[in-house]
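# Secondary and tertiary structure notes
One-letter residues, chain by chain:
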Amino acid sequence: MFDINPGLMVWTIVTFILLAFVLGKYAWKPLLKSLHDREDAIRDALDQSEKARAEAAELLRQNEKNMARADEEYQKALREGKALAEKLKEEIVTKARQQAQQELQHAKEEIQRDIEAAKQQLRNEVADLAIKAAEKILDENLDPAKQKKLVDSVLNQLPKN
Amino acid sequence: MRIDNPSAADSLQFGHAATDTTQAAVASGHGEKFDFGHLLDHMKNSMDLEFPGGHLELPHIAPVTLGGVTFDFSISKHVFFLLFSALLLLAMAGYAARKNRQHRVPRGVGNLFEIFIVFLRDEVALPNMGPGGIKYLPYLLTTFFFILIMNLVGLVPFGATATSNVSVTAGLAIIAFCMIQISAIHAQGFKHYLAHLTGGVHPVLWPIMVPIEILGLFTKPFALCIRLFANMTGGHIVILSLIGLIFIFRSPYIAPVPVIFALGISMLELFVAFLQAYVFTMLTSLFMGLGMQVEHQEDHGDHAEHAH
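Note that this is a predicted model, so its numbers are computed, not measured.

## A look at the state of the cysteines
- Enumeration according to the criterion identifies 0 disulfides over all chains in this entry.
- In this structure Cys178(B) is not part of a disulfide, and its nearest cysteine sulfur, from Cys225(B), lies 14 Å away.

Dropping the structure here:
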């Protein structure tokens, strides 16, 4: 059991060396290569997913910022719109009120003028009527004597110059 | 359990040697004293290849004498299982490599191989040798798987453990020795390698130091050789001893005890098959790593001019 057999030793060495070369070329190299490739692929995939996650987080952050800004702008626009509308309303109401006032004034003046005119006309007409009535009365009541007397009285009333 | 049933002995993977002994013991009418040596013949190298239903005489090749050493290149049982293990490993590893190329995610045999490869790379080669040792990884992988397959083949019924032959483990240790020296010379340069053999002491002490250092180079692989051989032999001897108890007691009633114990030892041997392949590989890479790194760590006074 303990005797050394040089032939068997040579067999072992030769077999081992051949095995090492053949396995090295046809087994270990492809196995280690596929292992290495896979490790690289996994590392890359992990790195990429990490990067993608960071990018997504960045995008989300930006989105939120944009949303906040948009919201702010919307609120501002709403506020401004409201203010503008308020101002316009104020202006329109003021203008309308002024116009109404003006028109009222006009109307009043018109009415005043009409009243004046009517008064004038009435006066004229009354005067005419009075004159006509007077003429009629005079036509009926005045005889030449009376006419003479009246003319005299009028003539007397006239200034003496 | 019947002791005189040959198939019972066969099923416990003892092959014909054990069976023959059983029959011999039975045939001799319980009168003859049991010879444990016959049982151990089963473990010795022979020119007989046993298989279910018979045995085959392996071819003899005339011994060649070279420089006073006689080389017997006959295809003995252990040579046969050595080659068988090599071919089996070749087929399995080739299959695994092909499968792993096809699938993005390894499965089955490819996955199995990859588990060991990743372990040997990350837990054995890298910690012991550093990133510079990765180029020796194919050697370590071959060592590990070759020893593992040889150990496991020995546990299969009718199989023989080539690694329980000291010549085989010596062959493996010689290769380990060469690899340790090559890696050391490659990493340090031949000059530093020789300088290291002086142990860094004063030249007066060199006559003492150099032989000790050279002896140190040989003790490491020698320990590898003996460790593997003894471990693989030991388990078999324990199992055979347990089975031998049946014949010593000459009673079928005692049989269940050794059989159960032998079953336990078989399981232990299964573990030892993996463990010893790992230990051999791990120690080889450790010794290689020591040779590769020692110059970077130590600062020997007598070759300070070679400072890095």
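## Digging into the packing of aromatic side chains
- Under the defined criterion, the tally for this structure stands at 16 aromatic pairs over all chains.
- With 6.0 Å between their ring centres and 50° between their planes, Phe16(A) and Phe146(B) make a pair best called tilted. In this pair, Phe16(A) is assigned in helix H1 (residues 6-141) and Phe146(B) in helix H6 (residues 137-153), connecting two distinct chains. The two residues Phe16(A) and Phe146(B) agree in class, both being buried.
- Summarising the aromatic geometry, the rings of Phe113(B) and Phe145(B) are spaced 4.8 Å apart at their centres and angled 20° between planes, so their arrangement reads as stacked. You can see Phe113(B) sitting in helix H5 (residues 108-129) and its partner Phe145(B) sitting in helix H6, a full 32 residues away along the chain. Residues Phe113(B) and Phe145(B) agree in their burial class; the two are buried.

## Things to note about unusual backbone geometry
- In this structure, Phe158(B) is a non-glycine residue whose phi angle is positive, near 75°.
- Looking at the element boundaries, Phe158(B) is found in the loop between H6 and helix H7 (166-188).

## Brief notes about the pattern of salt bridges
- All chains considered together, the criterion is met by 9 salt bridges over all chains.
- Residue Lys33(A) is joined to Asp37(A) by a salt bridge in which the shortest nitrogen-to-oxygen separation is 3.0 Å. Here Lys33(A) and its partner Asp37(A) are both found in helix H1, 4 residues apart, which amounts to about one turn of the helix.
- Judged by relative accessible area, Asp37(A) falls into the partly exposed class, the value being 37%.
- Measuring nitrogen to oxygen at the nearest pair gives 3.7 Å for the salt bridge that ties Arg53(A) to Glu50(A). Taken together, the residues Arg53(A) and Glu50(A), both in helix H1 and 3 residues apart, mark about one turn of the helix.
- If you follow the salt bridges from partner to partner, you end up with Glu39(A), Arg121(B) and Asp122(B) in one network.

## Some remarks on the confidence of the model for chain B
Residues and elements named next belong to chain B.
- When pLDDT is averaged across chain B, the result is 80; 84% of the residues are at 70 or more.
- Least confident of the elements in chain B is helix H1 (residues 6-11), whose mean pLDDT is 40; most confident is H6, at 93.
- Residue range residues 1-31 is modelled with pLDDT below 50. Its contacts to residues more than four positions away, or to other chains, number 41 contacts.
- Every residue in residues 295-308 scores below 50 in pLDDT, and together they form 19 contacts with partners more than four places removed in sequence or on other chains.
- Quick note on the complex model: pTM equals 0.71, ipTM equals 0.78.

## A short note on the side chain of Thr281(B)
- Tracing the backbone shows Thr281(B) in helix H10 (residues 256-297).
- Once residues lying within four places of it in the same chain are set aside, the contact partners of Thr281(B) are Leu120(B), Val124(B), Leu140(B), Thr143(B) and Phe144(B).

## A few points about the pairing of strand E2 (residues 54-57) of chain B
Residue and element names in this part refer to chain B.
- Sheet topology note: the strand E1 (residues 48-51)/E2 ladder contains 4 bridges and is antiparallel. Paired with Leu49 across the bridge in E2 is Leu56.
- Between the antiparallel neighbours E1 and E2 lie 2 residues, among them Gly53 with a positive phi of about 95°.

## A word on the nonpolar core
- Ranked by size, the top nonpolar core spans 60 residues in total, and within it Trp28(A), Phe113(B), Ile117(B), Phe145(B) and Phe146(B) carry the most contacts.
- Of all the secondary-structure elements, those providing two or more residues to this core are H1 of chain A together with helix H4 (77-102), H5, H6, H7, helix H9 (206-249) and H10 of chain B.
- For this core, the element with the highest residue contribution is H6(B), accounting for 12 residues.
- For Phe146(B), the residues in contact, after removing those within four places along its chain, are Thr15(A), Phe16(A), Leu19(A), Leu82(B), Ser85(B), Ala86(B), Leu89(B) and Leu172(B).
- Counting residues in each nonpolar core, the second largest holds 9 residues, with Ile246(B), Phe247(B), Val259(B) and Ile265(B) among its members.

## Section: the packing of helix H8 (residues 190-197) of chain B against H9(B)
All names here are of chain B.
- Remark: H8 packs on H9, axes separated minimally by 8 Å, with the N-to-C direction vectors making an angle of 110°. Classified by the interaxial angle, the pair formed by H8 and H9 is roughly perpendicular. Along its contact with H8, which presents Tyr193, His196 and Leu197, the element H9 presents Met209, Val210, Glu213, Ile214 and Leu217.
- A class-by-class count of the residues in the contact of H8 with H9 yields 6 nonpolar, 1 polar and 1 charged.

## Section: the interface of chain A and chain B
- Taken together, the contact between chain A and chain B spans 29 residues of the former and 47 residues of the latter.
- A combined buried area of about 3,400 Å² lies between chain A and chain B, and 80% of that area is made up of carbon and sulfur atoms.
- At the surface where chain A touches chain B, the tally comes to 2 salt bridges.
- Across the salt bridge formed by Arg121(B) and Glu39(A), the nearest N and O atoms sit 2.6 Å from each other.
- Where chain A packs against chain B, one counts 6 residue pairs in polar contact (both at pLDDT 80 or more).

The rules behind these values
Residues numbered from 1 in each chain as written. Chains lettered and ligands numbered in written order. Predicted model: local features only at pLDDT ≥ 70, side-chain atom pairs only at ≥ 80, totals over all residues. Heavy atoms only, no water. Disulfide = S-S within 2.5 Å. Phe/Tyr/Trp six-rings, centres within 6.5 Å; stacked < 30°, edge-to-face > 60°. Helix = DSSP H or I, 4+ residues; strand = E, 2+ residues; numbered from the N terminus. Buried < 20%, exposed > 50% of the residue type's maximum accessible area, 1.4 Å probe, protein only. Salt bridge = Lys/Arg side-chain N within 4 Å of Asp/Glu carboxyl O. pLDDT = per-residue confidence, 0-100. Contact = heavy atoms within 4.5 Å. Pairing = 2+ DSSP bridges. Core = buried A, V, L, I, M, F, W, Y, C linked by side-chain atoms within 4.5 Å. Axes fitted to C-alpha atoms, helices over the stretch in contact; angles between N-to-C directions. Parallel < 35°, antiparallel > 145°, perpendicular 65-115°, else oblique. Nonpolar A, V, L, I, M, F, W, Y, C, P; charged D, E, K, R; others polar. Buried area = accessible area lost by both parts, 1.4 Å probe. Polar contact = N/O pair within 3.5 Å; in protein donor to acceptor, adjacent residues only side chain to side chain.

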